[in-house]
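What follows is the residue order along each chain.
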Amino acid sequence: MENKKSLGRFITAVCGYSFFNKMTLLTPLYAIFMQSHGVSDIELSWLLMLYPLAILATQMPITWLTSRIGRRRAIILGQTLKSIAFALWFIWPTYTGFAIGMCLWGMQYAFTEPAFDALMYDELAARHLRRAYTRVLGWRRAAQALGAALSAFGSLMMFFGYGWVTAASVLALGISVLFIAGMHLVQPRFIKPPKTVGIRVLMRTGMRVWLMLPCVQMLMMLSLMVANFVYLDDYLSPIALSIGLPVEYVGALPFILMGCSVLGQNIAYKFSSLKNRTIHAAICTVGLLFALFSVFYSLWAAWMLALAYFIASIVNMLLYSRMQDAIPTRYRSLLLSLYNIGSNVAYVMVCLIIGLGGELGSWRYGILMMGIILIWTGVWAALFQRNECYATPAIHMTDIVPQNGTNCI
C-alpha cells in the first residue's frame, strides 16, 4: 500500500512539474510581442535559433555540471534561468534583451530536459516498472501538452497588459519547482563520477556508446525528425494571424493543436505493438497533411494541422519510448544529452526553413518544405530501417566502459 502511495506521489510530481513548466501564458504572445518591438520575420527566426544554439553550446558542460550537483538541483537551476529570461523580456524589450533571454531559455532546456527524462526512467526502473514507462511518458507528455494548450489563454490576458502575463508565467515556473523539490524518489542515491571525468571524456564516451548501438542510432534519428519537423509551436501565433485570427484570439490555434497532442499522447501506449511499416506510413501522412495545409493555408484548413499533430504525437511517443528501452541505464543521461544536442541541431534547421518561408512572402512556404522533408523521412525509414529495432523491446548493456575506466552516469 505504501509503495502505491509513493508511486502515486511520484507520478503526481512528474505530471505537476510537466504541466506548470509548460503553463506559461507567454507562449502564444512572445513572438508577437517581439515583432511589435520592431523584430522582422527573419529576425524572429534568428532569435528563435538562439534557443537551440545556446543548448548546443552549453549541453555538454551542463551535463558535466549536472553530474556534480545532481539531477534535481539541475532542474531547479534551469527553471530559475527560464524565469530570469521571461522577466528580462519585460524589463528590457529590445533585440539584445530578447537575444539574451532566448539564450537563457536554451540553457534552461539543457539543464532540465535530459536530467528529468533520465530521472523519470531510472526511478521507474528502480521500482521495477520499466514496462510502464511508455504509459507514464504519455501522461507526462499529455500534462505538457495540456499546460501548453491552456497557456493559449495568455492571449486573453493581453486585456490586462503584458506585465500580468509575464508575472503569471514566472509564478507557474515557481510552482513547477515546488513539484520537483517535493518529488519522492526510491532509486539509489546519485553517485558522482570521479573528478577525472571531464567534458571531453563525456563527449567521447557518449559518441563511443552511440556508435556501438546502431538500434539507438536509428530510433534516435527518426525520433528527432518527427519531434522537430512537426514542431510549429513557436510560430503558431504569427501563423494564426496570417490565416485570419485577431490577435486576442490567436491562442485558439495552439489550444486546439495542443489538445490533439494531449489526446494522442494519452492513447499512444495502446499502439505500442505497431509494425514499422505502419510507423513509416504515419510519418509520410503527417508530411502530406503539412503540405496540404500549406496549399490551402486558411482557417478551415487548420484541421489538417490538428490531425498531423495528433498522429505525430503518437508516433514520436512510440519512437522515443523504444529508444529509451534500447539505451544502457548507466549511459542514459549522457545519451539523452546527445539526443538533446541532435534535437536542437534539427530545430535550427526548422527555424531556417520557416524563416526562409517568411522571406519568400509567407509562412506557408516553410510549412510546405517541412511537409516534404517529413514525407522523405518516412520513405527513407521504409527503405533503410532494420526491423529488429522495432521488434526488440529492450537492450540492457552494462559492459561498455570508457578506456580510462570512468563511470559516466
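Within each chain, residues carry numbers counting from 1 in the order of the written sequence. Since the coordinates come from a predicted model, pLDDT governs what is reported: local features require at least 70, and pairs of side-chain atoms require 80 or more to be given and counted, while whole-chain, interface and lining totals use all residues. Excluded from the side-chain calculation are hydrogens and water; included are all heavy atoms of the structure.

Participant: If you had to explain the pattern of salt bridges to someone new, which residues and values would you point to?
Facilitator: Pairing of side chains with opposite charge becomes possible as their charged atoms draw close. For salt bridges, the criterion is a side-chain nitrogen of Lys or Arg within 4 Å of an Asp or Glu carboxyl oxygen. Evaluation of the coordinates by the stated rule reveals five salt bridges. The closest approach of N and O atoms between arginine 71 and aspartate 122, which form a salt bridge, is 3.3 Å. With arginine 71 in helix H4 (residues 71-91) and aspartate 122 in helix H5 (residues 95-126), this pair connects stretches of sequence that are 51 residues apart. Comparing arginine 71 with aspartate 122, the two get one shared label, buried. One salt bridge connects glutamate 113 with arginine 140, and the closest N-O pair in it is separated by 3.3 Å. Residue glutamate 113 is located in helix H5, and its partner arginine 140 is located in helix H6 (residues 133-150); the two are separated by 27 residues in the primary sequence. Ionic contacts of the salt-bridge type, sharing partners, join the residues Arg71, Asp122 and Arg332 into one network. Helical segments are the DSSP runs of H or I of at least four residues, strand segments are the runs of E of at least two, and each set is numbered from the N terminus. In this scheme, a residue with accessible area under 20% of its type's maximum is buried, one over 50% is exposed, and one in between is partly exposed, where area comes from a 1.4 Å probe on protein chains only.

Participant: Go over empty space enclosed by the protein, please, and point to the residues and values.
Facilitator: Rolling a probe over the atoms, with the probe sized like a water molecule, indicates the empty space that remains. Only protein atoms enter the 1 Å grid used here, on which a cavity is any set of points holding a 1.4 Å probe that cannot leave and a pocket is any open set flanked by protein within 12 Å on both sides along at least five of seven lines; residues with an atom within 4 Å of a point are listed as lining. Grid points are joined across faces, edges and corners, and a volume is the space filled by probe spheres set on the points. Applying the stated rule across the entire model yields two cavities of 30 Å³ or more. In this structure, the largest cavity spans a volume of roughly 1,200 Å³. Lining the largest cavity are 48 residues, and of these Lys22, Tyr109, Ala227, Tyr231 and Asp233 lie nearest its centre. Considering every element that reaches the lining of the largest cavity, the biggest residue donor is H5, with eight residues. Of the residues contributing to the lining of the largest cavity, the split by class is 25 nonpolar, 16 polar and seven charged. Note that Gly is not counted as nonpolar here; it falls among the polar residues with everything else outside the nonpolar set of Ala, Val, Leu, Ile, Met, Phe, Trp, Tyr, Cys and Pro and the charged set of Asp, Glu, Lys and Arg.

Participant: Tell me about the environment of alanine 142, and please be specific about residues and values.
Facilitator: For alanine 142, the location among the structural elements is in helix H6. Contact between two residues is taken to exist if any of their heavy atoms lie within 4.5 Å; hydrogens are not considered. Ignoring sequence-local partners within four residues, the contact set of alanine 142 consists of Val262, Gln265 and Asn266.

Participant: Tell me what's going on with a nonpolar patch on the surface, and back it up with residues and numbers.
Facilitator: The grouping of Met221, Leu368, Ile372, Trp376, Val379, Trp380, Leu383 and Phe384 at the surface amounts to a nonpolar patch, some 790 Å² of accessible area in total. Here tryptophan 380 lies in helix H15 (residues 363-384). Every patch collects residues that have over 30% relative accessible area and no salt bridge, joining them within 9 Å if they carry like charges and within 5 Å if they are nonpolar side chains (Val, Leu, Ile, Met, Phe, Trp, Tyr). Here the accessible surface of atoms and residues is derived via Shrake-Rupley with a 1.4 Å probe, and residues count as covered only by protein chains that are part of the display.

Participant: Any details on the confidence of the model for the protein? Residues and values, ideally.
Facilitator: As a per-residue measure, pLDDT tells how confident the predictor is, with possible values from 0 to 100. When pLDDT is averaged along the protein, the result is 82, and 88% of the positions lie at 70 or above. pLDDT under 50 marks residues 190-196. Its contacts with residues more than four places away, or in other chains, come to 15 contacts. This model gives residues 390-409 a pLDDT under 50, and the stretch forms 50 contacts once residues within four places in sequence are excluded.

Participant: Give a detailed account of the packing of aromatic side chains, specifying residues and quantitative values.
Facilitator: In summary, the pairing rule links any two rings of Phe, Tyr or Trp, Trp by its six-membered ring, whose centres are within 6.5 Å, and it sorts them by plane angle into stacked for under 30 degrees, edge-to-face for over 60 and tilted for everything else. Applying the stated criterion across every chain, the model contains 19 aromatic pairs. Measuring from ring centre to ring centre gives 6.0 Å for tyrosine 51 and tyrosine 109, while their planes differ by 65°; the resulting arrangement is edge-to-face. Taken together, the positions of tyrosine 51 in helix H3 (residues 41-69) and tyrosine 109 in helix H5 put the pair 58 residues apart, joining distant regions of the chain. Both rings, one in phenylalanine 90 and one in tyrosine 162, keep their centres 6.3 Å apart while their planes meet at 25°; by these two values the pair is stacked. Pair noted here: phenylalanine 90 is in helix H4 and tyrosine 162 is in helix H7 (residues 162-181), with a separation of 72 residues, a long-range link. Taken together, the ring pairs in this structure connect Tyr30, Tyr51, Phe86, Trp89, Trp105 and Tyr109 into an aromatic cluster. We count a charge as sitting over a ring when the NZ of a lysine or the CZ of an arginine lies within 6 Å of the ring centre and within 35 degrees of the ring normal. When the ring centre of tyrosine 269 is taken as reference, the NZ or CZ atom of arginine 135 above it lies at 4.3 Å. Stacked on the ring of tyrosine 320, the Lys or Arg arginine 141 has its end atom at 4.8 Å from the ring centre.

Participant: Help me get a handle on the nonpolar core, residues and values and all.
Facilitator: To form a nonpolar core, buried Ala, Val, Leu, Ile, Met, Phe, Trp, Tyr and Cys residues must be joined to one another through side-chain atoms within 4.5 Å. Core analysis: the largest hydrophobic core is formed by 125 residues, its most contacted members being Met34, Trp89, Leu232, Phe290 and Met323. In terms of residues, this core owes the most to one element, helix H13 (residues 302-326), which gives 16 residues. What leucine 232 contacts, discounting residues up to four positions off in sequence, is Phe290, Leu305, Tyr309, Ile354, Ile367 and Met370.

Participant: Now, about the packing of helix H12 (residues 276-296) against H15: what can you tell me, with residues and values included?
Facilitator: For any two helices packed against each other, the geometry comes down to the angle between their axes and how far apart the axes lie. Where helices are involved, their axes are fitted lines through C-alpha atoms of the stretch in contact, as for all axes, and angles between N-to-C directions lie from 0 to 180°. In the contact formed by H12 and H15, the axes pass within 7 Å of each other and the chain directions differ by 160°. Comparing their axes, H15 and H12 come out roughly antiparallel. Pair H12 / H15 crosses with left-handed handedness. Note on element contacts: H15 touches H12 through Arg364, Ile367, Leu368, Met370, Gly371, Leu374, Ile375, Thr377, Gly378, Val379, Ala381 and Ala382, opposite His280, Ile283, Cys284, Val286, Gly287, Leu288, Phe290, Ala291, Phe293, Ser294, Val295 and Phe296. Class assignment of the residues belonging to the contact of H12 with H15 gives a composition of 17 nonpolar, six polar and one charged. Each angle receives one of four descriptions, namely roughly parallel if under 35 degrees, roughly antiparallel if over 145, roughly perpendicular if within 65 to 115, and oblique otherwise. Note on convention: near helix rotated counterclockwise from far helix by under a right angle means a left-handed crossing. Clockwise means right-handed.

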